[in-house]
Amino acid sequence: MPTNTVHPIATLNPELEALLKEDTNRRLGNLIAANVKTCYARSSSQLSDFRLAIESKDVQNDESVLSDFRCLIPPTDYESYRPFFEKFNCRPCKSSEVENLLAPGLPIHIPLSSSTTNKKSKQFAKYFRPQPYSPGPSPCRPGVTSLMNTFAYRDLVDVVTDSGEVVKRIPVCNESTGVMRAQNNWSIETDDTRMASIRKFTNCSSLITPDIPCTVPGQVAPWAVGFILHHRSFLLIHALFTLANRSVEGITLTFTVTFMDMVHRIEEEWATLILSIRNGTIPDFEHIDHVRTYLQLNMHADPQRADELQSIGPPLSSPGWAHRVWPSLKLLTCVCSGTFATSLPQARSVLGPNVAIHNPWYACTECLIGRNLNSDDIETFVVSTDDLFEFLDMSEPPTRGDVLQAWDLQAGKFYQPVSTTHDGLWRYLIDDVIQVVGFDPRNGLPVFRYSRRKNLEIRVPHALITETDLLSVVYGFSGGDTVEVQEFTTVVDERKLPQTLGFFISITGNIGPNVKLARQKAFTALVATSDEHQIAFDTDEFGLPTIRIVKPGTFADYRRWRGENTNVGGGQIKLPAVLFDPKAQEWMEERVMMEL
């Protein structure tokens with residue numbers, strides 16, 4: 001255990017509470033002063049009472065403005081934001097309509113949500129941030145790093161004057177892409193000049209965005225790889241350059257499952273990848289012709305490395321494969337908490353015991369919510385101070401007066417975060433639920449663990465089944481004597497009466513001798529979350545959960561398919577714990593190879 005481990009405290013003492021209040025009030029005051037004159041703040045109906053209350057006040061110095069904000073602005077959702085954002089979708093997009101719309105100036109990028117629950121991605125406007133996001137503590141600082149990030153954008157918004165002159169081109173892209181471009185000053189106009197380069201990345205020591213003032217000593221793949229939109233080819237080309245470099249010390253990507261997607265793609269194309277390294281040629285993978293020239297310039301024949309890899313064998317041939325392929329590998333950086341934790345055992349098997357796994361923060365498209373508290377803890381975070389966070393108590397019906405401040409929270413209770421950010425003066429409801437476990441003894445900030453997505457719940461007539469419940473059920477029936485679950489998603493299974501909970505799962509290894517007990521084990525685990533399930537079963541209102549095993553690679557293909565259908569990079573697509581989209585359900589059903 002690290003010597004500087006931080007242990008959360010259960011309650012705030014008066015000194016820490018005063019410190020937390022002072023810091024929170026300062027940040028709120030700065031956000032109000034910065035954004036109070038924007039179009040959104042001046043015209044949103046959600047802020048009408050607040051505008052009236054502060055009409056004659058000195059916003060910079062009158063502390064009662066903070067109370068007005070907390071008392072008079074209700075929690076808001078995306079629908080209150082959408083009419084303003086739609087101005088960016090108008091053609092032409094006039095600067096007179098969008099300048100100072102949500103925050104001062106014009107956005108630097110427009111990120112897309114990952115579309116895990118909605119058919120259409122939510123879009124947000126992100127503005128220049130003087131201080132970049134910084135991650136929590138890392139177990140180490142690797143040198144040569146395989147950073148698997150996309151730099152492509154889905155569209156461009158040309159902001160024009162009344163006379164038609166373009167004053168700014170705003171990329172519509174993943175949040176990670178936009179922030180990385182901004183921090184490294186990579187304008188879209190100069191993309192062509194970087195395509196063949198293998199660059200040192202400024203401020204790039206962590207997973208999703210650039211963060212701290214340093215330069216990564218080395219990268220392994222040319223910049224052009226970030227413009228491959230086809231998910232399988234994106235992973236394979238990154239895998240190719242990463243395999244070719246024996247000196248890799250760090251691997252950084254979005255999610256644990258993305259790492260395992262890459263591992264399985266390497267397994268599928270092992271012979272092709274080895275031949276490419278031996279001959280120094282780029283394979284004929286799909287959808288890479290637009291960048292092939294740049295890739296080939298950086299690919300060189302290395303028969304010795306090919307022989308070494310051939311002697312080691314493909315990734316699923318033996319435990320600890322990654323450390324044999326990259327002897328200096330120290331760190332895998334990725335989001336690996338919540339539903340992504342189901343892939344951790346497989347990732348650990350591939351990595352071996354000596355490679356650290358780092359989960360640097362807990363973030364969403366809207367904002368950075370928390371950083372990891374300790375370098376060796378992938379599940380516990382401390383609330384971010386980059387923006388402002390308030391909270392709704394999940395045990396109480398939400399009302400305007402029940403928005404809680406950080407010092408009001410209690411260890412052990414569940415809350416929904418409410419964010420007010422640099423990008424707009426709103427109290428935006430984040431669709432997540434966190435559990436507070438205590439407070440940081442250094443500054444009083446709440447310490448928490450992710451619990452579940454608020455909107456990823458299955459409602460059956462007798463109960464509400466949460467994401468946390470689903471994870472408990474999977475852990476309940478997964479095992480060597482039944483099936484080892486790698487990933488899963490769920491539906492309400494209404495193929496026959498009574499309806500029940502249906503699982504689509506991918507597995508590792510062979511089916512165990514007691515696989516016939518899996519459904520009963522799933523039901524036992526589900527009943528452990530609520531007695532109502534047993535009562536409903538006894539009255540023939542609810543059936544045993546169903547379990548369908550999908551073909552190998554199905555969930556990786558889902559991310560690719562979903563990305564292609566939503567124009568979002570495949571690396572940004574998550575496999576949802578609950579699959580609501582009927583087309584996606586049908587797509588998944590077509591890939592079932594066995595039902596237990």
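Note on numbering: residues in each chain are counted from 1, in written sequence order. Local features are withheld for residues below a pLDDT of 70 in this predicted model, meaning they are given only at 70 or higher, and side-chain atom pairs are given and counted only at 80 or more; totals for whole chains, interfaces and linings count all residues. Side-chain measures here rest on the full set of heavy atoms in the structure, leaving out hydrogens and waters.

Comments concerning the overall build of the protein
When helices and strands are counted, the protein shows 19 helices and 24 strands. With the C-alpha coordinates of the protein rotated into their principal frame, the extents come out at 75 × 70 × 55 Å. Burial status follows relative accessibility: with a 1.4 Å probe on protein chains alone, a residue under 20% of its type maximum counts as buried, one over 50% as exposed, and anything between as partly exposed. Sorting the 596 residues of the protein into buried and exposed places 57% on the buried side. Put simply, the protein shows about 24300 Å² of open surface, and 50% of that area lies on carbon and sulfur atoms. For the protein, the separation between the mean place of its 57 positive charges and that of its 70 negative charges on side chains is 3 Å. The secondary structure listing takes helices from DSSP runs of H or I that are at least 4 residues long and strands from runs of E that are at least 2 residues long, numbered from the N terminus. Every accessible area reported is derived by Shrake-Rupley at a probe size of 1.4 Å, with residue values counting cover from the shown protein chains alone. When charges are counted, Lys and Arg contribute as positive and Asp and Glu as negative, whereas His and the chain ends are disregarded. By convention, the point assigned to a charge is CZ for Arg, NZ for Lys, CD for Glu and CG for Asp.

Thoughts on the pattern of salt bridges
Pairs can form between side chains of opposite charge whenever their charged atoms are close. In what follows, salt bridge is the name for a side-chain nitrogen of Lys or Arg lying within 4 Å of a carboxyl oxygen of Asp or Glu. As enumerated under the stated definition, the model contains 34 salt bridges in all. A salt bridge links Arg129 to Asp423; the nearest nitrogen and oxygen atoms lie 4.0 Å apart. Residue Arg129 is located in the loop between β2 (110-111) and β3 (144-147), and its partner Asp423 is located in the loop between β15 (414-421) and β16 (424-429); the two are separated by 294 residues in the primary sequence. Of the two residues, Arg129 and Asp423, both sit in the buried class.

Brief notes about unusual backbone geometry
At the junction of Arg91 and Pro92, the peptide bond is cis and its omega measures out at 5° in the coordinates. In this structure, Pro92 sits in the loop between α5 (78-85) and β1 (93-94). One non-glycine residue, Asn100, adopts positive backbone phi at about 60°. Looking at where Asn100 falls in the secondary structure, it is placed in the loop between α6 (95-98) and β2. What makes Asn100 partly exposed here is its relative accessible area of 34%. The phi dihedral of Asn185 falls on the positive side, at around 55°, and the residue is not glycine. With respect to the helices and strands, Asn185 occurs in the loop between α7 (175-184) and β6 (218-219).

Details of the state of the cysteines
Note on terminology: pairs of cysteine sulfur atoms within 2.5 Å are recorded as disulfides. Summed over the entire model, instances satisfying the criterion amount to 0 disulfides. Cysteine Cys39 is unpaired, with the sulfur of Cys90 as its nearest cysteine sulfur at 12 Å. No disulfide involves Cys334; its sulfur sits 4.7 Å from that of Cys336, the nearest cysteine. For Cys334, a relative accessible area of 0% gives the class buried.

Some thoughts on the packing of helix α8 (residues 231-244) against helix α10 (residues 270-279)
Packing of α8 against α10 brings their axes to within 10 Å, and their N-to-C directions diverge by 55°. What the angle tells us is that α8 and α10 run oblique. The handedness of the crossing between α8 and α10 is right-handed. On the side of α8, the interface is formed by Leu236, Leu240, Leu243 and Ala244, while α10 contributes Trp270, Leu273, Ser276 and Ile277. Its residues placed into classes, the contact of α8 with α10 shows 7 nonpolar, 1 polar and no charged. Every axis in this analysis is a line fitted to C-alpha atoms, fitted for helices over the stretch in contact. Angles between the N-to-C directions lie between 0 and 180 degrees. Any angle that falls under 35 degrees is termed roughly parallel, while one over 145 is termed roughly antiparallel, one within 65 to 115 roughly perpendicular, and all others oblique. Crossing handedness is read from the near helix: turned anticlockwise from the far helix by less than a right angle, it gives a left-handed crossing, and turned clockwise, a right-handed one. Here a residue-residue contact requires only that any non-hydrogen atoms of the pair lie within 4.5 Å. Charged residues are taken to be Asp, Glu, Lys and Arg, nonpolar residues to be Ala, Val, Leu, Ile, Met, Phe, Trp, Tyr, Cys and Pro, and polar residues to be all remaining types, Gly included.

Overview of the packing of aromatic side chains
Here the aromatic set is Phe, Tyr and Trp, taking the six-membered ring for Trp, and pairing holds for ring centres within 6.5 Å; pairs whose planes are under 30 degrees apart are stacked, those over 60 apart are edge-to-face, and all others are tilted. On inspection of all chains with the given rule, the structure shows 26 aromatic pairs. For the pair Trp321 and Trp326, a centre-to-centre distance of 5.6 Å together with 80° between the ring planes defines the contact as edge-to-face. Taken individually, Trp321 and Trp326 each receive the classification buried, so the pair is uniform in this respect. Three or more aromatic residues link up through ring pairs in this structure, and these residues are Tyr40, Tyr78, Tyr81, Phe84, Phe85, Phe88, Phe124, Trp426 and Tyr428. Whether a charge sits over a ring depends on NZ of Lys or CZ of Arg being within 6 Å of the ring centre and within 35 degrees of the ring normal. In this structure, Arg194 packs its charged tip against the face of Trp223, placed 4.6 Å from the ring centre. Looking at Arg591, its charged tip hangs above the ring of Trp587, at a distance of 3.7 Å from the centre.

Some remarks on helix α19 (residues 582-589)
Looking only at α19, the buried set comprises Ala584, Trp587 and Met588. One face of α19 carries all of its buried residues, which in axial projection span an arc of 95°. Away from its buried face, by an angle of more than 90 degrees, α19 presents the exposed residues Pro582 and Lys583. In protein, a polar contact requires one atom able to donate a hydrogen and another able to accept it; more generally it is a pair of N or O atoms within 3.5 Å, and residues adjacent in sequence count only if both atoms are side-chain atoms. Its side-chain oxygen placed 3.1 Å from the backbone nitrogen of Lys583, Asp581 serves as the N-cap of α19. Note that the arc is defined by the directions from the helix axis to the C-beta atoms.

Quick word on a nonpolar patch on the surface
Taken together, the side chains of Ile511, Met593 and Met594 make up a nonpolar region of the molecular surface, amounting to roughly 260 Å² of accessible area. Mapped onto the elements of the fold, Met593 is located in strand β24 (residues 592-595). Looking at Met593, the relative accessible area reads 48%, which means it is partly exposed. Patches in this entry comprise residues that are over 30% relatively accessible and not in a salt bridge; like charges within 9 Å are linked, as are nonpolar side chains (Val, Leu, Ile, Met, Phe, Trp, Tyr) within 5 Å.

A short note on the environment of Pro327
Within the element layout of this structure, Pro327 appears in the loop between α13 (321-325) and β8 (331-335). Pro327 gets classed as partly exposed once you look at its relative accessible area, which sits at 32%. Expressed as a C-alpha distance, the spacing of Pro327 and Ala182, which sit 145 residues apart in the sequence, is 34 Å.

Concerning the packing of helix α1 (residues 14-35) against helix α4 (residues 64-72)
α4 packs onto α1 with a crossing angle of 80° between their chain directions and a minimal axis gap of 10 Å. In terms of axis orientation, α1 runs roughly perpendicular to α4. Side by side, α1 and α4 meet where Thr24, Asn25, Leu28, Gly29 and Ile32 of the first sit next to Val65, Leu66, Phe69 and Arg70 of the second. The residue makeup of the contact of α1 with α4, split by class, is 5 nonpolar, 3 polar and 1 charged.

Considerations on the environment of Val6
One can find Val6 in the segment before α1. For the pair formed by Val6 and Pro498, sequence separation is 492 residues and the distance between their alpha carbons is 49 Å. Excluding residues within four positions of it along the chain, Val6 makes contact with Leu373, Asn374, Asp440, Pro441 and Arg442.

Describing the sheet that holds strand β22 (residues 500-508)
The strand order across the open sheet built from 4 strands is β21-β22-β23-β24, with neighbouring strands paired in mixed fashion. If you trace the sheet from one side to the other, it starts and ends with β21 (484-493) and β24, each paired once. Across the sheet, the mean angle separating the axes of adjacent strands is 30° when strand polarity is ignored. Taken together, the 9 bridges between β21 and β22 define a ladder with antiparallel strand orientation. Residue Thr489 lies in a different strand from β22, and its bridge partner there is Phe504. Paired strands, as defined in this entry, are two strands with at least two bridges between them according to DSSP.

What to know about the nonpolar core
We call a set of buried Ala, Val, Leu, Ile, Met, Phe, Trp, Tyr and Cys residues a nonpolar core when their side-chain atoms join them within 4.5 Å. Among the nonpolar cores identified, the biggest contains 63 residues, and Ile32, Phe50, Tyr81, Phe88, Leu102, Ile369 and Phe391 are the most heavily contacted of them. For this core, the element with the highest residue contribution is α1, accounting for 5 residues. Setting aside residues up to four positions removed in sequence, Tyr81 forms contacts with Leu102, Gln123, Phe124, Ala125 and Trp426.

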